[in-house]
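Each chain is listed here by its residues.
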Amino acid sequence: MAGSITPLKIEHRSRGVVRTDVTITTGTDGSAPAETVVGVGFGRLVGVAVKGPASVAITVKDKKTGATVLNAYRPTTAVFGNTTTGDETGGAVDDLFTTGAAHGLTELDEIVFTSQTGSTLPALNTPYYVAETTGFAATTFCLAASAAEAAAGAGQVIVELDADISAATWYKKGAAVTPVLFRPTTVIADNAGTAVSAADTAPNVNRDIYVGGKLSVSTTGGATSSACTLSLIVDEEGIGDLAVTV
Amino acid sequence: MAGTITATTSSRKGKGIVRIDCVVEAISVTSIAAKPIGSAFGRLVGVYIDPTYGAGGTMDTSADILLTDALTGAPIISDLTWTTTPNMYRPTGVITTNAGVAVSAATTANDVNRDIFVAGKLNLAQANISSTAAPGLTGLVSFIFEEA
């Protein structure tokens, strides 16, 4: 029996410029909410606005195909702006993190790592807590997996590194983030789907992203019970930029 | 308890070219908190400024004009200078990749500055009015939007 191709045509009457506001809240354990359909858009994605703590990395997809429209966007302004390394053993305190400048943390603060190189732990996008007393100073700290385990005393359990960490980035829960509004683009491709490399003979390879259908939002995990607002602006009318043919 | 994602959609039938005039009067010598100025759904294609407008003195040149998206607070215009004479410009923003990273202008990536789209309520604030400027300074800032 021969194969088949079954088309489905979807048409959509323009609504002008459409805004979809999305409120994202992480779980009480920092877990990410499930991928959720947030609405539909038929036109160019001309604006993305984000407000709130840098709790999560946000991905927007075409729901039907799962193709990525906005790729793991995370506001960066709340990430600690200096170096951080981890020392498994050898110092006065094992499993000690050292920062290049005062980290500004308080004991029992909740922090989340967005990247780290060297050790299995701490896991990324997972809440940890600054240990009380043990290793704590202006530029050093140790971690615990829960607030209870971070408290000084017999119940304190420090997160053990299995290797030194050469570099890490992290943010403190609730750290202020400057709201942003930006216009995302994508690199065009040839008719075989291969990205066109920018060159003197091929400038302006970044073009607006068109969407046509349901959009879904998914996130990574992050700090516990943290919220942020994502707004998607879609130009369904095709207002266009007359000076640039995109 | 698991996290949640909730969404609200808003849109508006385009009104063509829309102009919002904002008369600014400096009472305090420090700042004017963000005030709602209306809403727009389209491209911000013109900013017209008259620092001499109104019965008050010429607006302080050190004052900042801050236009933001009301819901998120995201900055749209951060004009750090009222000029001494009327002027106009077409504001733009630098495009980003689909991960939100700004695209650097280059010979292979010119025209990275594109029109700014807005959709929803807008706030206007003023900051950094010189402490030596007298109260009662007035000026006019007008925003022009191209809606569908």
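Overview of the structure. For clarity, every value in this text was computed on a predicted model and none was experimentally measured.

Parameters and conventions
Residues numbered from 1 in each chain as written. Chains lettered and ligands numbered in written order. Predicted model: local features only at pLDDT ≥ 70, side-chain atom pairs only at ≥ 80, totals over all residues. Heavy atoms only, no water. Helix = DSSP H or I, 4+ residues; strand = E, 2+ residues; numbered from the N terminus. Rg over C-alpha atoms; globule rule 2.2 N^0.38 Å. Buried < 20%, exposed > 50% of the residue type's maximum accessible area, 1.4 Å probe, protein only. Contact = heavy atoms within 4.5 Å. Areas by Shrake-Rupley, 256 points an atom, 1.4 Å probe, with all protein chains shown as cover. Lys, Arg positive; Asp, Glu negative; His and termini not counted. Charge placed at Lys NZ, Arg CZ, Asp CG, Glu CD. Pairing = 2+ DSSP bridges.

**Some thoughts on the overall build of chain A**
Working step 1: Across its full length, chain A carries 1 helix and 15 strands.
Working step 2: Compactness check: chain A gives a C-alpha radius of gyration of 22 Å against a globular reference of 18 Å for 246 residues, more than 25% above the reference.
Working step 3: Taken over 246 residues, chain A has a buried fraction of 46%.
Working step 4: Across chain A, contacts joining residues at least 24 apart in sequence account for 71% of those joining residues at least 6 apart.
Working step 5: As displayed, chain A has an accessible area near 11200 Å², and 54% of this comes from carbon and sulfur atoms.
Working step 6: Seen as two clouds, the 15 positive and the 24 negative side-chain charges of chain A have centres 17 Å apart.

**A few points about the sheet that holds strand S5 (residues 84–87) of chain A**
Residue and element names in this part refer to chain A.
Working step 1: Judged by pairing direction, the sheet is antiparallel, and its 3 strands sit side by side in the order S5-S6-S9 without closing on themselves. Because the sheet does not close on itself, it has two edges, and the strands there are S5 and strand S9 (140–141).
Working step 2: Pairing of S5 with strand S6 (residues 96–99), which is carried by 4 bridges, proceeds in the antiparallel orientation. Considered in S6, the bridge of Asp87 is made with Leu96.

**Topic: the sheet that holds strand S7 (residues 110–117) of chain A**
Working step 1: Read from one edge of the open sheet, 4 strands run S10-S8-S7-S11 (chain A), paired in antiparallel fashion. With partners counted over all chains shown, the strands left at the sheet margins are strand S10 (143–144) and strand S11 (167–172) of chain A, one partner each.

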